[in-house]
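Analysis of the macromolecular model
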Amino acid sequence: MALADAQIRLGDIYHLARSMMSGKSFALPTGWWPHEASRRLAVLCVTTVALLFARLQIMGSQLPVFTRFDNPASVAVTPVRQLSYNYLVSVNLWLLLFPCDLCCDWTMGTVPLVESFTDPRNLATLGAYTMIGVLAWVAFIENHRQKSAVVVMGLAFMILPFLPASNLFFPVGFVIAERVLYMPSMGFCLLVAYGFHLLSERWSRKMTWCCLGVLLLTHSIKTYHRNADWESEYSIFMSGLKVNQRNAKLFNNVGHALESESRFEEALQFFHKAVSVQEDDVGAHINVGRTYNHLKMFKEAEQAYLKAKSLLPKAKPGESYQARIAPNHLNVFLNLANLISKNATRLEEADLLYRQAISMRSDYTQAYINRGDILIKLNRTKEAQEVYERALLYDSTNPDIYYNLGVVFLEQGKASQALAYLDKALEFDPEHEQALLNSAILLQELGRPELRKIARERLLKLLAKDETNERVHFNLGMLAMDDRNTDEAENWFRRAVHLKQDFRSALFNLALLLADDHRPLEAAPFLNQLVKYHPDHIKGLILLGDIYINNIKDLDAAENCYKRILQLDPVNIQGLHNLCVVYVERGKLLQAQDCLTHAHDLAPGEEYIGRHLQIVQTRINRLRQSPDGNREKEIAFAEYDPTEFGGSSVNSDRQQAQGEPIASLPQQEQEQHHHELPLDPLPVQGNDDPVFLESESTKNPQTYAAGANAPAEESSSGGSSNAVSSSNSNSGGHPRVHQRSEGTSSYHHTHPSQHLHRPATIGQDLDDPSSGMS
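So, a few notes on the structure that sits alongside this text. Since this is a predicted model, take the numbers as computed values, not measurements.

Calculation criteria
Residues numbered from 1 in each chain as written. Predicted model: local features only at pLDDT ≥ 70, side-chain atom pairs only at ≥ 80, totals over all residues. Heavy atoms only, no water. Helix = DSSP H or I, 4+ residues; strand = E, 2+ residues; numbered from the N terminus. Buried < 20%, exposed > 50% of the residue type's maximum accessible area, 1.4 Å probe, protein only. Areas by Shrake-Rupley, 256 points an atom, 1.4 Å probe, with all protein chains shown as cover. Disulfide = S-S within 2.5 Å. Patch = residues over 30% accessible without salt bridge, like charges linked within 9 Å, V, L, I, M, F, W, Y side chains within 5 Å. Salt bridge = Lys/Arg side-chain N within 4 Å of Asp/Glu carboxyl O. Expected span 1.5 Å × (residues − 1). Axes fitted to C-alpha atoms, helices over the stretch in contact; angles between N-to-C directions. Parallel < 35°, antiparallel > 145°, perpendicular 65-115°, else oblique. Left-handed = near helix turned anticlockwise from the far one by under 90°. Contact = heavy atoms within 4.5 Å. Nonpolar A, V, L, I, M, F, W, Y, C, P; charged D, E, K, R; others polar.

**Some thoughts on the overall build of the protein**
- For the protein, the count of helices and strands is 33 helices and zero strands.
- Across the 774 residues of the protein, 48% fall into the buried class.
- Split by element, the accessible area of the protein, about 38200 Å² in all, is 57% carbon and sulfur.

Structure follows, in structure tokens:
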């Protein structure tokens with residue numbers, strides 16, 4: 001017997017059932033259940049079970065957590081849940097039959113729950129099941145094998161692929177999803193084609209073909225217009241809002257699309273609309289807070305985050321909190337903590353929020369990383385190290401964690417361990433930008449020539465990825481300075497300044513390089529640019545004043561520079577001394593004497609100030625012996641305001657009344673020092689300017705941004721720089737501000753311990769994916 005003849009038909013089962021009920025005998029065909037079918041069925045069952053176990057293993061032996069926003073019926077009571085789920089069957093059938101009102105997202109309140117048996121929508125449910133039942137009955141009683149097979153295959157293709165997404169056996173994370181109708185549409189098309197065949201046999205063939213043509217034409221037009229809806233995120237979600245105004249997720253997604261284009265004010269309107277549609281949607285409140293944060297409305301952002309936090313379900317005694325909350329809703333803790341941590345006095349509050357997030361989800365790596373950053377800011381580096389090491393237990397291949405451990409060890413002054421962890425981060429992610437940059441700087445700071453080659457390779461690798469990164473250009477310039485290649489260093493510094501006009505470190509070091517290369521007039525424009533963007537840059541003001549005095553001969557500009565320094569730092573000896581020198585250059589000897597006396601009182605240990613004071617006193621004594629009416633004498637003893645340099649008006653009045661210099665030396669000793677003015681520099685104190693390399697945020701959310709947005713400044717790690725030297729004697733015997741002698745200055749490196757960058761997860765507001773498409 002052929003295999004086809006041996007197979008049983010639905011009609012055979014129908015006749016068997018009727019025979020058993022009537023008491024008559026009915027024999028099934030011989031071999032209707034062959035042994036081969038048993039083997040195939042067994043293989044199919046075993047494969048299915050194996051796939052289910054594999055899926056559970058991948059998911060960590062846990063089922064996904066869905067909220068009532070994803071599928072409201074899943075948390076409804078009986079019989080509302082059953083009535084709603086069965087009604088969805090009719091909605092899906094209607095979409096197959098009449099795909100007019102299509103929507104990319106059917107979650108939340110799109111389909112209101114069927115709350116009672118008297119709801120008219122139950123008629124749609126009854127109609128859907130009646131239609132399916134009629135088709136199944138027709139296939140069951142049909143004697144014609146081919147017709148029965150067509151109906152059975154059509155129903156099988158339509159029903160079986162849909163069952164896993166039907167919510168009838170277990171809840172899924174959506175209400176309706178048009179994508180799950182792709183496979184069932186194959187069976188539906190088979191039934192439509194079979195119906196067309198039957199109609200063409202019973203009705204007018206031409207009329208049937210005309211109806212089919214109209215059907216195909218209308219659906220083709222609908223498909224063409226629907227394609228335009230998928231042109232962009234904004235267009236697809238706006239098309240969904242035309243169909244449904246009760247779905248907060250659609251408003252959220254339109255807001256996300258606008259937010260991605262930096263249209264924050266428009267996005268905020270849609271996020272507020274989402275909140276009004278679904279007031280208890282945690283994700284919508286998170287989105288409102290994030291947008292307020294973008295708009296720098298921090299108070300409103302904090303209120304929105306607190307509202308979202310208050311909507312989280314409260315833990316019950318003995319119940320797992322992790323299983324009751326959508327993991328992405330925990331982002332509210334991170335966003336709120338990030339916001340309040342901008343206030344240095346609220347770091348402990350931020351730490352508490354991170355600990356709460358970790359207590360709700362022990363493997364929340366994001367919270368560990370952010371908490372470690374807070375602990376570093378609190379100078380609790382040992383705790384930060386423990387937090388990062390615990391995070392490694394859950395994610396041992398995360399390069400950001402290794403990178404941040406490098407930060408911790410560098411904060412502890414353990415450079416070798418820090419470099420080891422930075423290298424470990426590069427092992428897992430060779431393109432990790434901050435690890436490349438900061439390890440290169442650390443290798444450079446070690447001062448070993450063989451390591452500078454590796455540092456240069458890493459910086460050039462970064463440069464190949466992004467030629468607009470001014471920090472890379474700057475550090476390549478510092479490497480060139482270490483190699484004594486001033487031409488190359490100048491080139492790199494100029495590129496850095498070209499990319500970022502207010503780059504503090506690059507501007508100062510470029511100016512210092514040019515001044516040391518005996519090109520002070522080329523350095524002046526860069527110094528002016530530096531003090532334009534950073535008017536508090538004391539070293540730059542000192543160097544600029546030096547150039548104004550010795551090269552440009554503009555005493556007014558030099559005086560303004562030094563007065564600005566004293567406004568910023570009234571006890572800055574170098575600025576005060578050089579202002580005194582300006583008075584000497586102007587011939588205001590009495591004012592210069594008072595100025596130097598004040599400087600000597602502030603720094604009695606600086607011998608060169610005492611020598612210069614003696615020289616000025618000697619000149620004053622000689623002028624007193626000259627006849628009255630001498631123009632030089634008038635200028636030397638002119639009235640002045642000692643508060644210009646921080647002096648006392650009382651002392652000045654006393655000096656002029658007595659006509660005596662302060663602390664005058666014996667004439668013999670004054671003569672001895674008259675021609676002796678050796679160069680005694682007053683070094684710039686290196687620790688005046690802490691170092692932070694440039695750390696602006698990037699437009700790419702995947703780029704690792706700095707943990708602290710501090711302005712770029714030159715480092716003191718290279719030692720002090722003789723930005724302005726004290727003077728030596730000239731033929732006239734008065735102090736002068738001289739340019740640096742070659743090789744006396746050190747260039748300002750940027751030490752990685754003072755500007756290490758945290759990963760992008762630090763300080764970044766996180767979206768709530770639950771408000772996106774299902």
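Alright, that's what it looks like, and here's the rest.
**Concerning the state of the cysteines**
- The tally for this structure, following the rule as stated, stands at one disulfide.
- Through a disulfide, Cys580 is tied to Cys595; the S-S separation comes to 1.9 Å. Taking the sign of the S-S torsion, about -80° here, the bridge from Cys580 to Cys595 comes out left-handed. With Cys580 in helix H28 (residues 573–586) and Cys595 in helix H29 (residues 589–602), the pair connects residues that are 15 residues apart, well separated along the chain. Of the two residues, Cys580 and Cys595, both sit in the buried class.
- With no disulfide of its own, Cys104 lies 5.0 Å from the sulfur of Cys103, the closest cysteine sulfur.

**Looking at a nonpolar patch on the surface**
- Judged by side-chain polarity, Tyr129, Leu168, Phe169 and Phe170 come together as a nonpolar surface patch covering roughly 410 Å² of accessible area.
- For Phe170, the position within the fold is in the loop between helix H6 (145–159) and helix H7 (182–202).
- Relative accessible area serves as the criterion here: at 45%, Phe170 is assigned to the partly exposed category.

**Here's the deal with helix H4 (residues 80–97)**
- For H4, spanning 18 residues, the distance from its first C-alpha to its last is 26 Å, which sits close to the expected 26 Å at 1.5 Å a residue.
- Of all 18 residues in H4, 13 are buried, a share of seventy percent or more.

**Let's talk about the packing of helix H11 (residues 264–277) against helix H12 (residues 282–294)**
- Running from N to C, H11 and H12 point in directions that differ by 160°, and their axes come no closer than 9 Å. The pairing of H11 with H12 is recorded here as roughly antiparallel in orientation. Classified by chirality, the crossing of H12 by H11 is left-handed. Listed contacts from H12 to Phe264, Leu268, Phe271, His272, Ala274 and Val275 of H11 are Ala284, His285, Asn287, Val288, Arg290, Thr291, Tyr292 and His294.
- Tallied by class, residues from the contact of H11 with H12 come to eight nonpolar, five polar and one charged.

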